[in-house]
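The residues making up each chain are set out below.
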Amino acid sequence: MSRVWTAVAGLAVAGAVLVGTTGCGEVGHRILYGNSTERPKSNLEYQRESALRFRTVWANVERIRYKEEGGKPGLGATWRANAVATVGGKDYEVIIGPNSLGFPFGDSPPKMSTLPPSTPSMVLEVTYSDGSSEVIE
């Protein structure tokens, strides 16, 4: 009897992994949602949304420079990218996405609560992964 339960558990885990990994890709999206007429967002559109989202929390962010195109790492994770955010004149390596507030990392990552207090900045300069840039007021 224990072999049956082991087999059932193994199939359940395999099914969960299959659904989790295919649900993140283009094929998985079509399987889950059908053929949508909505155009998928580009990485640059996600980068712009992410910069604006980061600015909602850290209004004094002066600059965001993307270090990579970004993407969805799998298993249902949302889009995110590595970037360098300049806040209060100091650079912080962060992982940001349109659905997240930012996650600092690096050799000695600061806690978000230790970043400088948020005071509004006039402009935000965003340098995208393709080298293009934009100034957002």
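Up top is the structure these notes are about.
Novice: How do you make sense of the pairing of strand β5 (residues 124–127) when you look at a structure like this?
Specialist: If a strand is regular, its side chains alternate between the two faces of the sheet. Two elements, strand β1 (residues 61–66) and β5, share three bridges in a ladder whose sense is parallel. The partner of R63 across the bridge, within β5, is E125. Inspection of the sheet shows β5 paired to strand β6 (residues 133–136) by four bridges, in the antiparallel sense. Within the sheet, the bridge partner assigned to L124 lies in β6 and is I136. Between the antiparallel neighbours β5 and β6 lie five residues, among them G131 with a positive phi of about 95°.

Novice: Looking at this model, I keep getting lost on the pattern of salt bridges. Mind explaining?
Specialist: Close approach of charged atoms allows side chains with opposite charge to pair. Within the structure shown, the criterion is met by six salt bridges. Residue R48 pairs with E134 through a salt bridge whose shortest N-O separation is 3.0 Å. Residue R48 is located in helix α3 (residues 43–57), and its partner E134 is located in strand β6; the two are separated by 86 residues in the primary sequence. Judged by its relative accessible area of 33%, R48 is partly exposed. With a closest N to O distance of 3.1 Å, R80 and E68 form a salt bridge. Residue R80 is found in the loop between β1 and β2 (81–87), and its partner E68 is found in the loop between β1 and β2; the two are separated by twelve residues along the sequence.

Novice: Explain the packing of aromatic side chains to me, please; I cannot follow it from the model alone.
Specialist: The relation between two aromatic rings is expressed through the spacing of the ring centres and the mutual angle of the planes. Under the counting rule described, the total for this entry stands at two aromatic pairs. Between Y46 and W79, the ring centres sit 5.2 Å apart and the planes meet at 15°, which makes this aromatic pair stacked. With Y46 in helix α3 and W79 in the loop between β1 and β2, the pair connects residues that are 33 residues apart, well separated along the chain. The residues Y46 and W79 share a single accessibility class, namely buried. Ring geometry for Y66 versus Y128: centroids 6.5 Å apart, planes at 5°, classification stacked. One end of the pair, Y66, is in strand β1; the other, Y128, is in the loop between β5 and β6, with 62 residues separating them in the sequence. The pair formed by Y66 and Y128 is uniform in burial state, with each residue classed as buried.

Novice: What is the right way to look at α3 in this model?
Specialist: For the α-helix, the turn length of 3.6 residues means that residues three or four positions removed from each other point alike. Compared with the 21 Å implied by 1.5 Å per residue over 15 residues, the 22 Å span of α3 between its first and last C-alpha is a close match. Three or more residues of α3 are buried, namely Y46, Q47, S50, A51 and F54. Seen along its axis, α3 keeps its buried residues to an arc of 140°; they face one direction. Turning to α3, the residues buried within the fold contact β1, β2, β3 (90–96) and β5.

Novice: Explain the side chain of T86 here, please?
Specialist: Its location among the elements puts T86 in strand β2. Within the local environment of T86, its side chain forms a polar contact with the side chain of R65, the two groups lying 3.2 Å apart. For T86, the side chain forms a polar contact with the side chain of D91, separated by 2.6 Å. Contact partners of T86, with chain neighbours within four places excluded, come to N60, V61, E62, R63, R65 and D91.

What counts as what
- Residues numbered from 1 in each chain as written.
- Predicted model: local features only at pLDDT ≥ 70, side-chain atom pairs only at ≥ 80, totals over all residues.
- Heavy atoms only, no water.
- Pairing = 2+ DSSP bridges.
- Helix = DSSP H or I, 4+ residues; strand = E, 2+ residues; numbered from the N terminus.
- Salt bridge = Lys/Arg side-chain N within 4 Å of Asp/Glu carboxyl O.
- Buried < 20%, exposed > 50% of the residue type's maximum accessible area, 1.4 Å probe, protein only.
- Phe/Tyr/Trp six-rings, centres within 6.5 Å; stacked < 30°, edge-to-face > 60°.
- Expected span 1.5 Å × (residues − 1).
- Arc of directions from axis to C-beta.
- Contact = heavy atoms within 4.5 Å.
- Polar contact = N/O pair within 3.5 Å; in protein donor to acceptor, adjacent residues only side chain to side chain.

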